[in-house]
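# Coordinate inspection notes
So the chains spell out like this:
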Amino acid sequence: QVQLVESGGGLVQPGGSLLLSCATSSAIFRDSTMGWYRQTPGGQRELVATITTGGSTDYADFAKGRFIISRDNFANIMYLQMNNLKPDDSAGYYCSAQYRVTNNRYWGQGTQVTVSS
C-alpha cells in the first residue's frame, strides 16, 4: 500500500511562512513527479506546484514568487516552502505522486493550512 505522509500545516498570520513536507517510500519517490495540490471546502482540488524526478518545477500563477517546491531524493521527501501567505491560501494541502511506472497517481491525507489574524 502506497503511503504519502504530509506534515507542516497549521495556523499562521497573513504574511507569515510555513514549510510543508511529504514523505513516501523510495520505490515510489524516485520514479514519480511529485506535486502539491490544495482544496477548500466545497471547492475543487487545484494544482499548487509540481516537481519532476529531474527537478523541473511548475507553479500555479498564485504560487509564483511566493512558494518554492523542492525534493530531497536521498531522504525521499518533498517540500513546499510557502511565504507571504494570504487568507486565500487557507485550504487543505495534498501531496501527490504521479508514478511513471504504472501511471497511477497517489495522494496523501492532506494537511490543513489556515491563514488568519
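This text goes with the structure placed above it.
First, a word on what this report is: a plain description of the structure on this page.

Cut-off values and rules
- Residues numbered from 1 in each chain as written.
- Predicted model: local features only at pLDDT ≥ 70, side-chain atom pairs only at ≥ 80, totals over all residues.
- Heavy atoms only, no water.
- Salt bridge = Lys/Arg side-chain N within 4 Å of Asp/Glu carboxyl O.
- Helix = DSSP H or I, 4+ residues; strand = E, 2+ residues; numbered from the N terminus.
- Buried < 20%, exposed > 50% of the residue type's maximum accessible area, 1.4 Å probe, protein only.
- Core = buried A, V, L, I, M, F, W, Y, C linked by side-chain atoms within 4.5 Å.
- Contact = heavy atoms within 4.5 Å.
- Pairing = 2+ DSSP bridges.
- Axes fitted to C-alpha atoms, helices over the stretch in contact; angles between N-to-C directions.
- Phe/Tyr/Trp six-rings, centres within 6.5 Å; stacked < 30°, edge-to-face > 60°.
- Lys NZ or Arg CZ within 6 Å of the ring centre and 35° of its normal.

## A look at the pattern of salt bridges
When charged atoms on two side chains of opposite charge get close, those side chains can pair. Inspection of the entire model under this criterion finds 5 salt bridges. Between Arg100 and Asp31 there is a salt bridge, with the nearest N and O atoms lying 3.0 Å from each other. Taken together, the positions of Arg100 in the loop between strand 9 (91–99) and strand 10 (104–107) and Asp31 in the loop between helix 1 (26–29) and strand 4 (32–39) put the pair 69 residues apart, joining distant regions of the chain. In this structure, Asp89 and Arg66 form a salt bridge, with 2.7 Å as the shortest nitrogen-oxygen distance. With Asp89 in the loop between strand 8 (77–82) and strand 9 and Arg66 in the loop between strand 6 (57–59) and strand 7 (67–72), the pair connects residues that are 23 residues apart, well separated along the chain. For the pair Asp89 and Arg66, a shared accessibility class is recorded, and that class is buried. By sharing partners, the salt bridges in this structure join Arg38, Glu46, Arg66 and Asp89 into a single network.

## Looking at the environment of Gly65
Inspection of the secondary structure puts Gly65 in the loop between strand 6 and strand 7. Along the primary structure Gly65 and Asn84 are separated by 19 residues, whereas in three dimensions their C-alpha atoms are 9.4 Å apart.

## Observations concerning the nonpolar core
Among the nonpolar cores identified, the biggest contains 27 residues, and Met34, Trp36, Met78, Leu80, Met82 and Tyr93 are the most heavily contacted of them. Elements with a contribution of two residues or more to this core: strand 3 (18–23), helix 1, strand 4, strand 5 (46–51), strand 7, strand 8, strand 9 and strand 11 (111–115). No other element matches the 5 residues that strand 9 contributes to this core. When neighbours within four sequence positions are excluded, Leu80 is seen to be in contact with Leu18, Leu19, Leu20, Trp36, Val48, Phe67, Ile68, Ile69 and Tyr93.

## Topic: the sheet that holds strand 8
In sheet architecture, strand pairing relies on hydrogen bonds along the backbone and comes in two forms, parallel and antiparallel. Taking strand neighbours across the sheet as the criterion, the 4 strands line up as 1-3-8-7 in an open arrangement whose pairing is antiparallel. Two strands bound the open sheet, and with one partner strand each, they are strand 1 (5–7) and strand 7. For this sheet, the mean angle separating the axes of adjacent strands, direction not counted, is 15 degrees.

## As for the packing of aromatic side chains
One pass over the structure, following the stated rule, counts 3 aromatic pairs. Seen from their ring centres, Phe62 and Phe67 are 6.4 Å apart, and the 80 degrees between their planes marks the pair as edge-to-face. Judged by relative accessible area, which is 24%, Phe62 ranks as partly exposed. With a centroid separation of 6.5 Å and an interplanar angle of 50 degrees, the aromatic rings of Tyr99 and Tyr106 are classed as tilted. Looking at Tyr99, the relative accessible area reads 14%, which means it is buried. Since its relative accessible area comes to 21%, Tyr106 is described here as partly exposed. A cation sits over an aromatic face here: Arg38 above Phe62, 3.6 Å from the ring centre.

## Digging into unusual backbone geometry
At Asn76, a position not held by glycine, the phi torsion is positive, near 60 degrees. Structurally, Asn76 can be placed in the loop between strand 7 and strand 8. Judged by relative accessible area, Asn76 falls into the buried class, the value being 14%.

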